There are 2 protein chains.
Amino acid sequence: MSTAPIGIFDSGIGGLTVARAIQDLLPRESTVYLGDTARVPYGPKSPETVRRYAREILEWLLTQEVKAVVVACNTATAHALDDLRAISPVPVLGVIEPGARAAVAATRNDRVGVIGTAGTVASGAYRRALLALRPDLEVVQQACPLLVPFVEEGWLVHPATRMVIEEYLVPLRTGGVDVLVLGCTHYPLLKPLLTHVMGQNVRLIDSALETARELSRVLGEGLAAPADNQPFHRWAATDDVARFASVGSIFVGQTPAVVELVNLKEHRAVS
Amino acid sequence: MSTAPIGIFDSGIGGLTVARAIQDLLPRESTVYLGDTARVPYGPKSPETVRRYAREILEWLLTQEVKAVVVACNTATAHALDDLRAISPVPVLGVIEPGARAAVAATRNDRVGVIGTAGTVASGAYRRALLALRPDLEVVQQACPLLVPFVEEGWLVHPATRMVIEEYLVPLRTGGVDVLVLGCTHYPLLKPLLTHVMGQNVRLIDSALETARELSRVLGEGLAAPADNQPFHRWAATDDVARFASVGSIFVGQTPAVVELVNLKEHRAVS
């Protein structure tokens, strides 16, 4: 048993869906979330740069004495997960593999759809993870660049959002997929509209939820918090904490009392 | 007379509307455009950070022997214009004042609307520039965070874009403005839809075009290119030149043959 918190990080705010899924599934666990808002977005940056950023954040989370780290960011998972696992003294989980495993388990016709940002789709990270599990799978990918801005504007069920989703999902519907992986941490907030457009026969795979389930397995009995633990939840960002708080409230349903400002460079200078 | 190029920079790609307006209005002039795509967006960053970035870019543009510099970025204009003017040996222009001046000249009822990104609207830069010119003006501002993503997706006349614009512009229509300042370098590409929604009686002020006009005045006869000049146009970015080229083609109507990759830090190390 351990009362230490779970460390969670993302390039920005999207990973809060993962934080929320963890809090829902594992209500005894404490969490420390870091959004690297000073350097968002990671998508267009080089793999080397993303690995350096991820290592800096891991170092900071370790000074907060976390017992496990969740990389709640598709880009950082794709580029830095192996690297972080090699150097971290605590378990490190990404968001891609849990979603891919759930998709392979759920499909009946071996046609799996993946939606994500332009960067995630172009990286092919989900396609690789899916084909590694089942090489004969047919994978239909679709980049949906407008969905993150719609979520951050809070227009989760707006008619314009629906119109955009209907257009983006055409190739997935004509491709006959029976499973759709939400390959971006923002997308769980659009589940009602996505379900409406894809229909009840297509199973949506929520990477945030699958990652929380994977975390539960990794913690097991050895690392889990005791039943009487009083959990705390800390939010931190590397810049623009005011916007983080206001947009974050869309993700977690309430405005946080405090968002801590973390300067990773100063931290490194004094550590 | 001078055949030296005009230096133009932006945090990313939006300033290409300004470059295009300059090329249209001053077809004899050469241009060098730098998009700081490695560090986009500037909006959430601190004024000190934006000033430092802008100084680095100015230094690079000066090594390219530009005869004038256009800050084709609202955030950099708001935070860094005075600073750049103080240290630059060549004239430096921003995008805010030319638009504000044109708006004050155009309004008949002294009610001026301004649309921009969340950062630009929150900074109040346009409101200040307008009120400095005419203190009794009524200024109605509206942040339109979804419009930049729609432009970069190339959905310039899509029904979803129209639906979003109709919703954003409600306060400006009910506020009875007779002039609307496009306070974001991306928005000139949405002029057809914006005109349609606001109606023919509202004058749109295109900051890109007004900045090009101001540049023409600043160059005068002394700095203008000779009538027989064969102009060249260079595009450069600090990261992700492939995306710059593909999204840039939405802005200038063609895919550029070459986008140069500039490393501002290496440049500083060797200069």
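Residues numbered from 1 in each chain as written. Chains lettered and ligands numbered in written order. Predicted model: local features only at pLDDT ≥ 70, side-chain atom pairs only at ≥ 80, totals over all residues. Heavy atoms only, no water.

## Remarks on the overall build of chain A
So, step 1. Broken down by element type, chain A carries 13 helices and 10 strands.
So, step 2. Its C-alpha atoms give chain A a radius of gyration of 18 Å, within 12% of the compact-globule value 18 Å for 271 residues.
So, step 3. Counting only C-alpha atoms, chain A reaches 55 × 40 × 35 Å along its principal axes.
So, step 4. Every one of the 271 residues in chain A was classed for burial, and the buried ones make up 57%.
So, step 5. Contacts spanning at least 24 positions in sequence make up 76% of the contacts within chain A whose residues lie at least 6 apart.
So, step 6. As displayed, chain A offers around 11,000 Å² of accessible surface, 51% of which is attributable to carbon and sulfur atoms. (Helix = DSSP H or I, 4+ residues; strand = E, 2+ residues; numbered from the N terminus. Rg over C-alpha atoms; globule rule 2.2 N^0.38 Å. Buried < 20%, exposed > 50% of the residue type's maximum accessible area, 1.4 Å probe, protein only. Contact = heavy atoms within 4.5 Å. Areas by Shrake-Rupley, 256 points an atom, 1.4 Å probe, with all protein chains shown as cover.)

## Thoughts on the packing of helix α2 (residues 47–63) of chain B against helix α3 (residues 74–87) of chain B
All names here are of chain B.
So, step 1. Contact pair α2 / α3: the axes reach a minimum separation of 9 Å and the direction vectors enclose 55°. Relative to α3, the element α2 is oriented oblique. Considering how the two elements wind past one another, α2 and α3 form a crossing that is right-handed. Residues P47, V50, R51, A54, R55 and L58 of α2 pack against T75, A76, H79, A80, D83, L84 and I87 of α3. (Axes fitted to C-alpha atoms, helices over the stretch in contact; angles between N-to-C directions. Parallel < 35°, antiparallel > 145°, perpendicular 65-115°, else oblique. Left-handed = near helix turned anticlockwise from the far one by under 90°.)

## Quick notes on the relation of the copies chain B and chain A
So, step 1. Here chain B sits on chain A after a turn of 180° about the axis and a move of 0.0 Å along it, with an RMSD of 0.0 Å. Overall, the copies show the geometry of a two-fold rotation axis. Closest approach to the rotation axis among the C-alpha atoms of chain B is made by A160 of chain B, whose C-alpha sits 2.5 Å away.
So, step 2. A shared interface surface links the copies, since 100% of the contact residues of chain B are contact residues in chain A too. (Least-squares fit on C-alpha atoms with pLDDT ≥ 70 in both.)

## Re the pairing of strand β9 (residues 233–237) of chain B
Residues and elements named next belong to chain B.
So, step 1. Both strand β2 (residues 31–35) and β9 contribute to a ladder of 5 bridges, which runs parallel. Bridge assignment links V32 to a residue of β9, and that residue is R234.
So, step 2. The pairing of β9 with strand β10 (residues 260–261) spans 2 bridges and is classified as parallel. Each residue of the ladder has a partner; that of A237, found in β10, is L261.
So, step 3. Crossover handedness for the path β9 to helix α12 (residues 241–252) to β10: right-handed. (Pairing = 2+ DSSP bridges. Right-handed = clockwise from strand over helix to strand, strands pointing away.)

## Some words on the side chain of N74 of chain B
All names here are of chain B.
So, step 1. Tracing the backbone shows N74 in helix α3.
So, step 2. Looking at N74, the relative accessible area reads 8%, which means it is buried.
So, step 3. A distance of 3.2 Å separates the side chain of N74 from the backbone oxygen of G183, its partner in a polar contact.
So, step 4. Residues contacting N74, with those up to four places away along its chain left out, are V95, I96, T120, Y126, G183, C184 and T185. (Polar contact = N/O pair within 3.5 Å; in protein donor to acceptor, adjacent residues only side chain to side chain.)

## Topic: helix α4 (residues 96–106) of chain A
All names here are of chain A.
So, step 1. With 8 of its 11 residues buried, α4 lies for the most part within the structure.
So, step 2. Among the residues of α4, I96, P98, G99, A100, A102, A103, V104 and A106 are the ones counted as buried.
So, step 3. Buried residues in α4 make contact with α3 (74–87), β5 (111–116), α6 (125–133), β7 (179–182), β8 (203–206) and α11 (207–223).

## A short note on the interface of chain B and chain A
So, step 1. At the interface, 20 residues of chain B touch 20 residues of chain A.
So, step 2. Roughly 1,700 Å² is buried in total at the junction of chain B and chain A, and carbon and sulfur atoms are behind 67% of that figure.
So, step 3. Among the residues chain B hides against chain A, the three largest losses belong to L146, W155 and M163 of chain B. Together they make up 28% of the total.
So, step 4. Applying the counting rule to chain B against chain A returns 0 salt bridges.
So, step 5. Between the two partners, chain B and chain A, sit 4 residue pairs in polar contact (both at pLDDT 80 or more).
So, step 6. With 6 residues, the single largest contributor to the side of chain B that touches chain A is helix α8 (residues 159–168) of chain B.
So, step 7. Split by residue class, the side of chain B that touches chain A holds 14 nonpolar, 1 polar and 5 charged. (Buried area = accessible area lost by both parts, 1.4 Å probe. Salt bridge = Lys/Arg side-chain N within 4 Å of Asp/Glu carboxyl O. Nonpolar A, V, L, I, M, F, W, Y, C, P; charged D, E, K, R; others polar.)

## A short note on the sheet that holds β7 of chain A
Sheet strands pair by backbone hydrogen bonding; their relative direction is either parallel or antiparallel.
Residue and element names in this part refer to chain A.
So, step 1. Here 4 strands make up an open sheet; going across it, the order is β6-β5-β7-β8 and the pairing parallel. The open sheet has two edge strands, β6 (138–143) and β8, and neither has a second partner. Averaged over all neighbouring strand pairs, the angle between strand axes comes to 25°, with direction disregarded.
So, step 2. Across 4 bridges, β5 lies against β7 in parallel orientation. Across the sheet, the residue bridging to V114 is V181, located in β7.
So, step 3. Packed onto the sheet, α4 meets β5, β7 and β8 and runs at close to 160° relative to β8.
So, step 4. Relative to β8, α11 is tilted by about 55°, and along the sheet it contacts β7 and β8.

It is worth stressing that arrangement in space is one thing and function is another; only the former is reported here.
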